[in-house]
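If you want the building blocks of each chain, they are given just below.
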Amino acid sequence: MRSNLTTLCYIETEDSYLMLHRVKKENDINKDKWIGVGGHFEDGESPDECFRREVLEALGGWNTTTIAEDAEFAAQCAQAGFRVCWVPDAVNYDEEPNSFRVSLRQRYRWCSGVMQVGRKSLGGMWRTASPRPMLRWDMTMFLLAPFTQAISGLLLAWSLLAGIAAGGGLLPALCGLGLYYVGGMGLGVILCLLGGYAIEGMTKSILLFPVFMASWLPLQVLSLFRDSTSWHQVAH
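Residues numbered from 1 in each chain as written. Predicted model: local features only at pLDDT ≥ 70, side-chain atom pairs only at ≥ 80, totals over all residues. Heavy atoms only, no water.

A.B. asks: Give a detailed account of the overall build of the protein, specifying residues and quantitative values.
C.D. replies: Within the protein, the secondary structure is distributed over seven helices and six strands. Against the compact-globule benchmark of 18 Å for 236 residues, the protein has a radius of gyration of 23 Å, which places it well outside the compact range. Summarising the internal contacts of the protein: among those between residues at least 6 apart in sequence, 66% fall at separations of at least 24. Accessible area for the protein stands at about 16200 Å²; split by element, carbon and sulfur atoms hold 63% of it. In the protein, 20 side chains carry a positive charge and 23 a negative one; their mean positions are 8 Å apart. (Helix = DSSP H or I, 4+ residues; strand = E, 2+ residues; numbered from the N terminus. Rg over C-alpha atoms; globule rule 2.2 N^0.38 Å. Contact = heavy atoms within 4.5 Å. Areas by Shrake-Rupley, 256 points an atom, 1.4 Å probe, with all protein chains shown as cover. Lys, Arg positive; Asp, Glu negative; His and termini not counted. Charge placed at Lys NZ, Arg CZ, Asp CG, Glu CD.)

Following this line, the structure appears as structure tokens:
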């Protein structure tokens, strides 16, 4: 049941406020005005819940069509001027895939899904005005990341093959891969120290960390040419 009480929220970032231009609703007493985000309470809602629902409704509801619905919703928020923020105090309990094969399938869906969002959203994002242009730039860089990574993977493979074909042999390529592997393990050690993990218990993870990171490249390349269109439950 709709309440007579309403909520109104002004979203502030630096020196700017997000305002909605009321032009769509018929017989609107606020027609053509710029107002904050909000609306009537539904039965049992708190002010915070009401505001969040009103934001979702302002975006047209949960109307995603890609395999990466969270990335698509974030793109819709950026276009509408809603900022998606990192909350460092939030507690998240994650469940990890129980095998490397399942991890590959999960990350392939992520890569393909973000590319789908990029193909769907980037054109419209830049053809229409945005109330907060910097959010549009930020989302554009995020959506272009898998494409640039896929292209870098193709260029890396081409450079390695070209070097071998030119008579350089396998030694330079193997040396380059060796340096990458050592550097990847070094990065793994740094991440363990920053995360407060004891190195003694993370030996296997550190040794496999370069392999895990390198596995993103073929997934990005595959996603460039073949979409993942179905979701499968991930075994945890």
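After that view, the rundown keeps rolling.
A.B. asks: So what about helix 7 (residues 216-225)? Which residues, and what values?
C.D. replies: All of the buried residues in helix 7 are L219, Q220, V221 and S223. For helix 7, the secondary structure elements touched by its buried residues are helix 3 (100-127) and helix 4 (133-168). (Buried < 20%, exposed > 50% of the residue type's maximum accessible area, 1.4 Å probe, protein only.)

A.B. asks: Let's hear about the packing of aromatic side chains: which residues, and what values?
C.D. replies: In this description, an aromatic ring pair is defined by two values, namely the gap between the centres and the angle between the planes. Within the structure shown, the criterion is met by two aromatic pairs. The interplanar angle of 75° and the centroid separation of 4.8 Å between the aromatic rings of W126 and W137 together place this pair among those described as edge-to-face. Placement of W126 in helix 3 and of W137 in helix 4 is noted, with a sequence separation of 11 residues between them. Measuring from ring centre to ring centre gives 6.3 Å for F212 and W216, while their planes differ by 85°; the resulting arrangement is edge-to-face. (Phe/Tyr/Trp six-rings, centres within 6.5 Å; stacked < 30°, edge-to-face > 60°.)

A.B. asks: Got a sec to walk through the nonpolar core? Specific residues and values, please.
C.D. replies: Counting residues in hydrophobic clusters, the biggest one holds 12 residues: A68, A71, A74, A75, A78, V114, V117, L122, M125, L135, M139 and L143. Broken down by secondary-structure element, the contributors of at least two residues to this core are helix 2 (69-80), helix 3 and helix 4. If sequence neighbours within four positions are ignored, A78 has contacts with S130, L135 and M139. (Core = buried A, V, L, I, M, F, W, Y, C linked by side-chain atoms within 4.5 Å.)

A.B. asks: Now, about the pattern of salt bridges: what can you tell me, with residues and values included?
C.D. replies: Side chains that differ in charge, positive against negative, can pair when their charged atoms come close. The tally for this structure, following the rule as stated, stands at two salt bridges. A salt bridge links E72 to K120; its shortest N-O distance comes to 2.4 Å. Taken together, the positions of E72 in helix 2 and K120 in helix 3 put the pair 48 residues apart, joining distant regions of the chain. Where R119 meets D227, a salt bridge forms, and the shortest distance between an N and an O atom there is 3.3 Å. (Salt bridge = Lys/Arg side-chain N within 4 Å of Asp/Glu carboxyl O.)

A.B. asks: Go over the environment of G183 with me, naming the residues and quoting the values.
C.D. replies: With respect to the element layout, G183 can be found in helix 5 (residues 170-195). Under the relative-accessibility criterion, G183 is labelled partly exposed at 44%. A sequence separation of 49 residues divides G183 from H232, and the C-alpha atoms of the two residues are 34 Å apart.

A.B. asks: Any details on the packing of helix 2 against helix 3? Residues and values, ideally.
C.D. replies: Running from amino to carboxyl end, helix 2 crosses helix 3 at an angle of 15°, the nearest separation of the two axes being 9 Å. Taken together, the axes of helix 2 and helix 3 are roughly parallel relative to one another. In terms of crossing hand, the pair formed by helix 2 and helix 3 is right-handed. Packed against helix 2, whose contacting residues are A71, E72, A75 and Q79, the element helix 3 presents V114, V117, K120, S121, G124 and M125 at the interface. Across the contact of helix 2 with helix 3, the residue classes tally to five nonpolar, three polar and two charged. (Axes fitted to C-alpha atoms, helices over the stretch in contact; angles between N-to-C directions. Parallel < 35°, antiparallel > 145°, perpendicular 65-115°, else oblique. Left-handed = near helix turned anticlockwise from the far one by under 90°. Nonpolar A, V, L, I, M, F, W, Y, C, P; charged D, E, K, R; others polar.)

A.B. asks: Talk me through the confidence of the model for the protein; I want residue IDs and the actual numbers.
C.D. replies: When pLDDT is averaged along the protein, the result is 83, and 91% of the positions lie at 70 or above. Ranking the helices and strands of the protein by mean pLDDT puts helix 7 first, with 93, and strand 2 (residues 11-13) last, with 64. (pLDDT = per-residue confidence, 0-100.)

A.B. asks: Describe a nonpolar patch on the surface, with residues and values.
C.D. replies: Residues F100, Y180, Y181, L207, L208, V211 and M213 make up a contiguous nonpolar surface patch of roughly 600 Å² in combined accessible area. When contributions to the nonpolar patch are tallied by element, the ones reaching two or more residues are helix 5 and helix 6 (203-214). For the nonpolar patch, the element with the highest residue contribution is helix 6, accounting for four residues. Overall, Y180 belongs to the partly exposed group, its relative accessible area being 35%. (Patch = residues over 30% accessible without salt bridge, like charges linked within 9 Å, V, L, I, M, F, W, Y side chains within 5 Å.)

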